[in-house]
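Chains, contacts and geometry: an overview
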Amino acid sequence: MTGVPASAAGGPSGARRAAANPAPGGVPGAAAGRTAAREARGAAPGPGSSGGGPGTGGLSGRRGSGGENPPGDGVSRAAASGGVSDGEGGAKPPRGGKIAAAAVNQASVWNIANLLTMLRLLLVPAFVALMLADGGYDPAWRSLAWAAFAIAMITDLFDGHLARTYNLVTDFGKIADPIADKAIMGAALICLSALGDLPWWVTGVILGRELGITLLRFLVIRYGVIPASRGGKLKTLIQGVAVGMYVLALTGWLATLRWWVMAAAVVLTVATGLDYVKQAIVLRRRGIAERKAALEETEA
């Protein structure tokens, strides 16, 4: 019977026995022992390997013992961790990542929404100067004043939307935006009444309502926030259109039309003001009841 001795299957110890006792008619025992030992080493799993064929243990053993990573290994780990490989199996954050994250988390005061609000504030004195230029009755100056008023009202439509959509809400914007709204509308109404184009009682009703509702919001803020209603938004639109028509030096049927538009604005102003008062009363009662119930549960 020829071939490799059966002792070769027993690993290195079998190989040493085979080397001492040559197999008759076969491969010399020393050569067979060396061959069996090499095969046994190649078949044994290397350190850090989960098994596999010959040769897999060497590469896995080098990676597991802190040796050089094979090509592509560091890249794959970096991709999984979202960073760049540092050559030691770790990952570094993308360059500039911390700075970008800080910029996102902090909305700058000099963002587009606040810039529009600042523009509206700057338009207030410009509007007054244009409105009262040359005695306040020159159609050309009144047209320029209307343009300034229109720009201010248009920016009012966009700055709040931009701040909410792109997370640009800042403390400055929360304070400056309502001030700019009241300032441009108040300046227009006072100028029109001072020039005799609009009765003072209309100016008093509109400005009184605006200031009163703003104060009411602050008084009940401890109980909750009064949301802006559709009626309030419609009131703001009609007010802007009516005041804009009065700023222009209109005559004929357009002058009659603006009177009716202003009348609708006054009605909406009063109606929405009363609705806000009702909401504030309900909100305050609900807040007091909830606090009382929470206090009773705590004492119990």
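1. Details of the overall build of the chain
- The helix and strand tally for the chain stands at eleven helices and two strands.
- A total accessible area of about 18,700 Å² is found for the chain, and carbon and sulfur atoms account for 66% of it.

2. Observations regarding the packing of aromatic side chains
- Tallied over the full model, the rule gives two aromatic pairs.
- With a centroid separation of 6.0 Å and an interplanar angle of 45°, the aromatic rings of Phe 127 and Phe 149 are classed as tilted. Taken together, the positions of Phe 127 in helix H6 (residues 112-132) and Phe 149 in helix H7 (residues 139-165) put the pair 22 residues apart, joining distant regions of the chain.
- With relative accessibility at 0%, the residue Phe 127 sits in the buried group.
- You can call Phe 149 buried: its relative accessible area is 2%.
- Consider the rings of Trp 259 and Trp 260, whose centres lie 4.9 Å apart with planes at 85°: the pair is edge-to-face.

3. Remarks on a nonpolar patch on the surface
- Taken together, the side chains of Val 109, Trp 110, Ile 112, Leu 115 and Phe 172 make up a nonpolar region of the molecular surface, amounting to roughly 490 Å² of accessible area.
- For Leu 115, the location among the structural elements is in helix H6.

4. What about the environment of Leu 283?
- Along the polypeptide, Leu 283 turns up in helix H11 (residues 253-299).
- Linking Leu 283 and Arg 222, residues 61 residues apart in sequence, is a C-alpha distance of 9.8 Å.
- Contact partners of Leu 283, with chain neighbours within four places excluded, come to Val 220, Tyr 223, Gly 224, Val 225 and Ile 226.

5. A closer look at the packing of helix H8 (residues 171-194) against helix H10 (residues 230-247)
- Two elements in contact, H8 and H10, have axes whose closest approach is 11 Å; the angle formed by their N-to-C orientations is 40°. Viewed along their axes, H8 and H10 adopt a mutual orientation that is oblique. Here the hand of the crossing between H8 and H10 comes out left-handed. Between H8, through Met 185, Ala 188, Leu 189 and Leu 192, and H10, the contact on the second element is made entirely by Gln 239, Gly 240, Val 243, Tyr 246 and Val 247.

6. Some remarks on the packing of H6 against H7
- H7 packs onto H6 with a crossing angle of 160° between their chain directions and a minimal axis gap of 9 Å. One way to sum up the angle between H6 and H7 is to call them roughly antiparallel. In this structure, the crossing between H6 and H7 has a hand that is left-handed.
- When its residues are assigned to classes, the contact of H6 with H7 shows 18 nonpolar, two polar and four charged.

7. A few points about the nonpolar core
- The biggest cluster of nonpolar side chains holds 30 residues, and the ones touching the most others in it are Phe 127, Met 131, Phe 149, Val 243 and Met 262.
- Elements with a contribution of two residues or more to this core: H6, H7, H8, helix H9 (200-219), H10 and H11.
- The leading source of residues in this core is H8, at seven residues.
- Those residues in contact with Met 262 that sit more than four places away from it in its chain are Leu 198, Val 202, Ile 206, Ala 242, Val 243 and Tyr 246.
- Core analysis: the next-biggest nonpolar cluster, separate from the first, contains eight residues, Tyr 223, Ile 226, Ala 280 and Leu 283 among them.

8. Quick look at the pattern of salt bridges
- A complete count under the given rule lists seven salt bridges for this structure.
- Among the ionic pairs, Arg 120 bridges to Asp 156, the shortest N-O distance being 3.7 Å. Of this pair, Arg 120 sits in helix H6 while Asp 156 is found in helix H7, placing the two residues 36 residues apart along the sequence. One exposure class covers both Arg 120 and Asp 156, and it is buried.
- Here Asp 181 ties to Arg 120 by a salt bridge, and the two come within 2.9 Å at their closest N and O atoms. Of this pair, Asp 181 sits in helix H8 while Arg 120 sits in helix H6, and the two are 61 residues apart along the sequence.

9. Let's talk about a positive patch on the surface
- A surface patch of like charges, here positive, comprises Arg 222, Arg 284, Arg 285 and Arg 291.
- With respect to the helices and strands, the residue Arg 284 is situated in helix H11.
- By relative accessible area, which is 43% here, Arg 284 ends up partly exposed.

10. Some details on H11
- Here H11 spans 69 Å end to end across 47 residues, near enough to the 69 Å set by a 1.5 Å rise per residue.
- Packing partners of the buried residues in H11 comprise H9 and H10.

11. Comments concerning the side chain of Asn 114
- With respect to the helices, strands and loops of the structure, Asn 114 is situated in helix H6.
- Only 2.9 Å separates the side chain of Asn 114 from the side chain of Thr 170, close enough to count as a polar contact.
- Apart from the residues lying within four places of it in its own chain, the contact partners of Asn 114 are Ser 108, Val 109, Thr 170, Phe 172 and Gly 173.

Scoring rules and cut-offs
- Residues numbered from 1 in each chain as written.
- Predicted model: local features only at pLDDT ≥ 70, side-chain atom pairs only at ≥ 80, totals over all residues.
- Heavy atoms only, no water.
- Helix = DSSP H or I, 4+ residues; strand = E, 2+ residues; numbered from the N terminus.
- Areas by Shrake-Rupley, 256 points an atom, 1.4 Å probe, with all protein chains shown as cover.
- Phe/Tyr/Trp six-rings, centres within 6.5 Å; stacked < 30°, edge-to-face > 60°.
- Buried < 20%, exposed > 50% of the residue type's maximum accessible area, 1.4 Å probe, protein only.
- Patch = residues over 30% accessible without salt bridge, like charges linked within 9 Å, V, L, I, M, F, W, Y side chains within 5 Å.
- Salt bridge = Lys/Arg side-chain N within 4 Å of Asp/Glu carboxyl O.
- Contact = heavy atoms within 4.5 Å.
- Axes fitted to C-alpha atoms, helices over the stretch in contact; angles between N-to-C directions.
- Parallel < 35°, antiparallel > 145°, perpendicular 65-115°, else oblique.
- Left-handed = near helix turned anticlockwise from the far one by under 90°.
- Nonpolar A, V, L, I, M, F, W, Y, C, P; charged D, E, K, R; others polar.
- Core = buried A, V, L, I, M, F, W, Y, C linked by side-chain atoms within 4.5 Å.
- Lys, Arg positive; Asp, Glu negative; His and termini not counted.
- Charge placed at Lys NZ, Arg CZ, Asp CG, Glu CD.
- Expected span 1.5 Å × (residues − 1).
- Polar contact = N/O pair within 3.5 Å; in protein donor to acceptor, adjacent residues only side chain to side chain.

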